[in-house]
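Report on the structure
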Amino acid sequence: MSIRALLAFCAFFLNFLLPSPVLAFNPPVDEVVVVKSERTLYLKSSGVVVRHYPVALGPVPWGHKEREGDERTPEGRYILDYKNAESRFYKSIRVSYPNRRDRQRAQAMGVDPGGNIMIHGQPETPQPGAELFNWTDGCIAVSNEHMDEIWQLVTVGTPIEIRP
């Protein structure tokens, strides 16, 4: 059997063994990075970007989240700690905000730090052009198609860094 035939044979059977074409051609994601100023979410494997997606944030995208209701997306290092397939938005993955430092800062300010920050898809009733403006309450929103890819490529426990 020639090398070319062997590669074709392997590629044919990999399509049946792997659960998704998205997974077939990507190494495991070991870090998620969101750069708020770029409105972009990056999936990384061993420090190399393997995918990137445009995002929508809250209407006040600059600065670190300080309190509940400020419509800001937190900044810092967190963990993606829970997946919810039954979210009120199209799938969601929770960011472990607030961490200890966030709670201490909020306590010093006498405010509630808020929480329930997610990466999620669109609302049940999709809003045309939603990816063009910041509409969340501080979450990180992507298209439903992109959420499907992120959902498949990112596992619970993956670190996320949210940068200004």
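Look above for the structure.
Quick notes on the rules
- Residues numbered from 1 in each chain as written.
- Predicted model: local features only at pLDDT ≥ 70, side-chain atom pairs only at ≥ 80, totals over all residues.
- Heavy atoms only, no water.
- Helix = DSSP H or I, 4+ residues; strand = E, 2+ residues; numbered from the N terminus.
- Polar contact = N/O pair within 3.5 Å; in protein donor to acceptor, adjacent residues only side chain to side chain.
- Pairing = 2+ DSSP bridges.
- Buried < 20%, exposed > 50% of the residue type's maximum accessible area, 1.4 Å probe, protein only.
- Salt bridge = Lys/Arg side-chain N within 4 Å of Asp/Glu carboxyl O.
- Core = buried A, V, L, I, M, F, W, Y, C linked by side-chain atoms within 4.5 Å.
- Contact = heavy atoms within 4.5 Å.
- 1 Å grid on protein atoms, 1.4 Å probe; cavity = no way out; pocket = protein on both sides within 12 Å on 5 of 7 lines; lining within 4 Å.
- Points joined across faces, edges and corners; volume = space filled by probe spheres on them.
- Nonpolar A, V, L, I, M, F, W, Y, C, P; charged D, E, K, R; others polar.
- Phe/Tyr/Trp six-rings, centres within 6.5 Å; stacked < 30°, edge-to-face > 60°.

1. Notes on the side chain of Ser-87
When you line up the elements, Ser-87 lands in the loop between strand S4 (76-84) and strand S5 (92-95). Here the side chain of Ser-87 touches Phe-89 through a polar contact of 3.1 Å, landing on its backbone nitrogen.

2. Describing the pairing of S5
Where S4 lies against S5, four bridges are found, and the strand directions are antiparallel. Bridged to Tyr-82 within S5 is Arg-94.

3. Quick notes on the pairing of strand S8 (residues 159-163)
The two faces of S8 differ: Ile-160 and Ile-162 on one face are buried, but Pro-159, Glu-161 and Arg-163 on the other face are not. Relative to S8, strand S1 (residues 31-35) runs parallel, the two being bridged by four bridges. Of the residues in S8, the one forming a bridge with Val-34 is Ile-162.

4. With respect to the pattern of salt bridges
Within this structure, the stated rule accounts for eight salt bridges. With a shortest N-O distance of 3.2 Å, Glu-161 and Arg-77 are connected by a salt bridge. Highlighted residues: Glu-161 in strand S8 and Arg-77 in strand S4, separated in sequence by 84 residues. Here Glu-161 ties to Arg-163 by a salt bridge, and the two come within 3.4 Å at their closest N and O atoms. Its relative accessible area of 33% is what places Arg-163 among the partly exposed residues.

5. Here's the deal with helix H3 (residues 100-109)
Looking at where H3 begins, the residue whose side-chain oxygen comes 3.1 Å from the main-chain nitrogen of Arg-101 is Asn-99. Gly-110 sits one or two positions beyond H3 and adopts a positive phi of about 75°.

6. So, the nonpolar core
Generally speaking, soluble globular proteins have nonpolar side chains that are buried together. Of all hydrophobic cores here, the largest spans 24 residues; its most connected members are Leu-41, Leu-43, Ile-140 and Ile-160. At the level of elements, S1, strand S2 (40-45), S4, S5, helix H4 (144-153) and S8 are the ones that each hand at least two residues to this core. Element by element, the count of residues in this core is highest for H4, at four residues. Apart from the residues lying within four places of it in its own chain, the contact partners of Leu-41 are Val-32, Val-33, Val-34, Arg-51, His-52, Tyr-53, Val-55, Ile-119, Ile-140 and Ile-150.

7. Re the layout of surface pockets
One water molecule sets the probe size; rolling that probe over the atoms shows where empty space is left. One number sums up the size of the largest pocket: a volume of about 410 Å³. Lining the largest pocket we find 18 residues, and of these Arg-88, Phe-89, Asn-116, Asp-137 and Cys-139 sit closest to its centre. Classifying every residue of the lining of the largest pocket gives five nonpolar, nine polar and four charged.

8. Thoughts on the packing of aromatic side chains
Geometrically, a pair of aromatic rings is defined through the distance of the ring centres and the angle of the planes. Enumeration over the complete set of coordinates arrives at two aromatic pairs. A ring pair is formed by Tyr-78 and Tyr-97, whose centres lie 6.0 Å apart and whose planes are at 70°; its orientation type is edge-to-face. Highlighted residues: Tyr-78 in strand S4 and Tyr-97 in the loop between S5 and H3, separated in sequence by 19 residues. Judged on exposure class, the residue Tyr-78 and its partner Tyr-97 are both buried. Ring plane angle 45° and centroid distance 5.9 Å describe the contact between Phe-89 and Trp-135, whose orientation is recorded as tilted. Placement of the pair is Phe-89 in the loop between S4 and S5 and Trp-135 in the loop between strand S6 (118-120) and strand S7 (140-141), with a sequence separation of 46 residues.

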